[in-house]
Amino acid sequence: MGRTVVAANWKMHKTAGEARTYVEKLLELVPSRLEFELIVFPSATALYVVAQVLRGSPIAWGAQNAHWETQGAYTGEISVNQVADLGAAYVLCGHSERRHLFGEDDATVAAKVRSVLAGGLVPVLCVGETLEQRRGGDAWDVVTAQLSAALKDIGPDAADRLVVAYEPVWAIGTGVAAQPEDAQSMAHDIRSWLTELFGSEGAEIPVQYGGSVKPNNADAFLQLPDVDGALVGGASLDPKEFWTIACSAVPR
Ligand code: PGA
């Protein structure tokens, strides 16, 4: 069992002003001490204002994406240093939308994971199969191929600075979440795989579930023995709804 991590992935939503209003509202809901990690992933354009509001609070923030080089001629990209400079502690790596809509392959994801770790931040490595792959019985092979490509050059000393999010592609943004037993079984197998790779430290890596997590199904996922939190897209856009989901992470 790893630490519990609940994260809001806003994707390409919210202006800086809307982001400020959101985090101010979220801060009103959140107690000064949290029993789990709570993260928001705003667009890069809102990171500065989110950092201003959340600095010194129990809520962390991260970037949805970052380039693998520290600087250079990469028009339109942002680097790990640049987001770290704004106090970001996490970076999403290998989200299915980056893989499928922007053509990020395993080598790109691996380079990003390395650069996030080198910059002293925590990569949230997203893995997951398509519906076709699940129906074909290939879900586990796809997930292990993504994990091994992204983590093959990472030593066990970095294991305490990793988060893995299992997000079946067909569950993302569709309103059709995985069956909790399937999420549990995949999270369990991912944990065993991480333990084999990193030893006992690997067993402590948080394994989140993501894909159509809503207030009405959050309990079913967050109380599973091997699921250590959630990565929430659509339902995280409203601070109250996101906080309701996060409250399901409190151990009972
Ligand atoms: P969703 O997105 O909650 O809207 O399905 C999850 C994600 O993309 O991380």
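The rules behind these values
Residues numbered from 1 in each chain as written. Predicted model: local features only at pLDDT ≥ 70, side-chain atom pairs only at ≥ 80, totals over all residues. Heavy atoms only, no water. Helix = DSSP H or I, 4+ residues; strand = E, 2+ residues; numbered from the N terminus. Polar contact = N/O pair within 3.5 Å; in protein donor to acceptor, adjacent residues only side chain to side chain. Contact = heavy atoms within 4.5 Å. Core = buried A, V, L, I, M, F, W, Y, C linked by side-chain atoms within 4.5 Å. Buried < 20%, exposed > 50% of the residue type's maximum accessible area, 1.4 Å probe, protein only. Near = heavy atom within 4 Å. Areas by Shrake-Rupley, 256 points an atom, 1.4 Å probe, with all protein chains shown as cover. Nonpolar A, V, L, I, M, F, W, Y, C, P; charged D, E, K, R; others polar. Pairing = 2+ DSSP bridges. Right-handed = clockwise from strand over helix to strand, strands pointing away. Axes fitted to C-alpha atoms, helices over the stretch in contact; angles between N-to-C directions. Left-handed = near helix turned anticlockwise from the far one by under 90°.

1. Notes on the side chain of R99
Here is step 1: Assignment of secondary structure puts R99 in helix α4 (residues 96–101).
Here is step 2: Here G94 takes part through its backbone oxygen, which lies 2.8 Å from a polar atom of the side chain of R99.
Here is step 3: Apart from the residues lying within four places of it in its own chain, the contact partners of R99 are G94, E104, D106, V109, L125, C126, V127 and Q146.

2. Considerations on the nonpolar core
Here is step 1: Core analysis: the largest hydrophobic core is formed by 74 residues, its most contacted members being V40, L151, I190 and Y209.
Here is step 2: Broken down by element, this core gets its largest block of residues, seven residues, from helix α8 (residues 180–198).
Here is step 3: Not counting residues within four places of it along the chain, the set of residues in contact with Y209 comprises Y166, P168, A171, A177, A178, A183, F221, V227, G229, A230 and L231.
Here is step 4: Grouped together as the second largest cluster of nonpolar side chains are 13 residues, V5, A60, V122 and C126 included.

3. Some details on the environment of L29
Here is step 1: For L29, the position within the fold is in helix α1 (residues 16–29).
Here is step 2: Considered as a pair, L29 and K240 are 211 residues apart in the sequence and their alpha carbons are 7.7 Å apart.
Here is step 3: Setting aside chain neighbours within four positions, we find L29 in contact with P239, K240 and W243.

4. Re the environment of G229
Here is step 1: Within the fold, G229 resides in strand β8 (residues 229–232).
Here is step 2: On the basis of relative accessible area, G229 is assigned to the buried category, the value being 1%.
Here is step 3: The sequence separation of G229 and G87 amounts to 142 residues, and the corresponding C-alpha distance is 22 Å.
Here is step 4: Beyond its immediate sequence surroundings of up to four residues, G229 is in contact with T4, V5, V6, V207, Q208, Y209 and L222.

5. Some points on the site of the ligand
Here is step 1: The environment of the ligand is formed by 13 residues, the closest being K11, H95, E167, G173 and S212.
Here is step 2: Within the backbone of G173, an N or O atom sits 2.6 Å from an oxygen atom of the ligand.
Here is step 3: Here an oxygen atom of the ligand and a backbone polar atom of G234 are 2.8 Å apart.
Here is step 4: With the chains in place, 97% of the 280 Å² that the ligand exposes on its own is no longer accessible.
Here is step 5: Residues that form the shell around the ligand fall into these classes: four nonpolar, seven polar and two charged.

6. Observations concerning the pairing of strand β3 (residues 59–63)
Here is step 1: Counted residue by residue, β3 has five buried out of five residues, so it is predominantly covered.
Here is step 2: Side chains of β3 alternate between two faces, with I59, W61 and A63 and A60 and G62 buried alike.
Here is step 3: By the bridge criterion, three bridges tie strand β2 (residues 37–41) to β3 in an arrangement that is parallel. For I39, the partnering residue across the bridge sits in β3 and is A60.
Here is step 4: Handedness of the crossover is the feature at issue here: the chain leaves β2, passes through helix α2 (residues 47–54), returns alongside β3, and the resulting connection is right-handed.

7. Let's talk about the packing of helix α7 (residues 139–151) against α8
Here is step 1: Here α7 crosses α8 at 35°, and the two axes come no closer than 11 Å. At the point where α7 passes α8, the crossing takes the right-handed sense. Contacts from A139, W140, V143, T144, L147, S148 and L151 of α7 reach α8 at M186, D189, I190, W193, L194, L197 and F198.
Here is step 2: Its residues placed into classes, the contact of α7 with α8 shows 11 nonpolar, two polar and one charged.

8. Some remarks on the sheet that holds strand β6 (residues 163–166)
Here is step 1: If you trace the eight strands once around the closed barrel, you get β1-β2-β3-β4-β5-β6-β7-β8, paired in parallel fashion. Across this sheet, the average inter-strand angle for adjacent strands is 25°, counted without regard to direction.
Here is step 2: In this structure, strand β4 (residues 90–93) lies alongside strand β5 (residues 122–127), joined through four bridges in parallel fashion. Following the sheet pairing, C93 is matched in β5 by L125.
Here is step 3: Running at roughly 155° to β5, α7 makes contact with β5 and β6 of the sheet.

9. Quick look at the pairing of β8
Here is step 1: Every second residue of β8 is oriented toward a common face, with G229 and L231 on one face and A230 and V232 on the other, all of them buried.
Here is step 2: Sheet analysis places strand β1 (residues 5–9) next to β8, joined by four bridges and oriented parallel. From the neighbouring strand, V5 faces β8, where its bridge partner is G229.
Here is step 3: Sheet topology places strand β7 (residues 207–210) next to β8; two bridges connect them, and they run parallel. Paired with Y209 across the strands is A230, a residue of β8.

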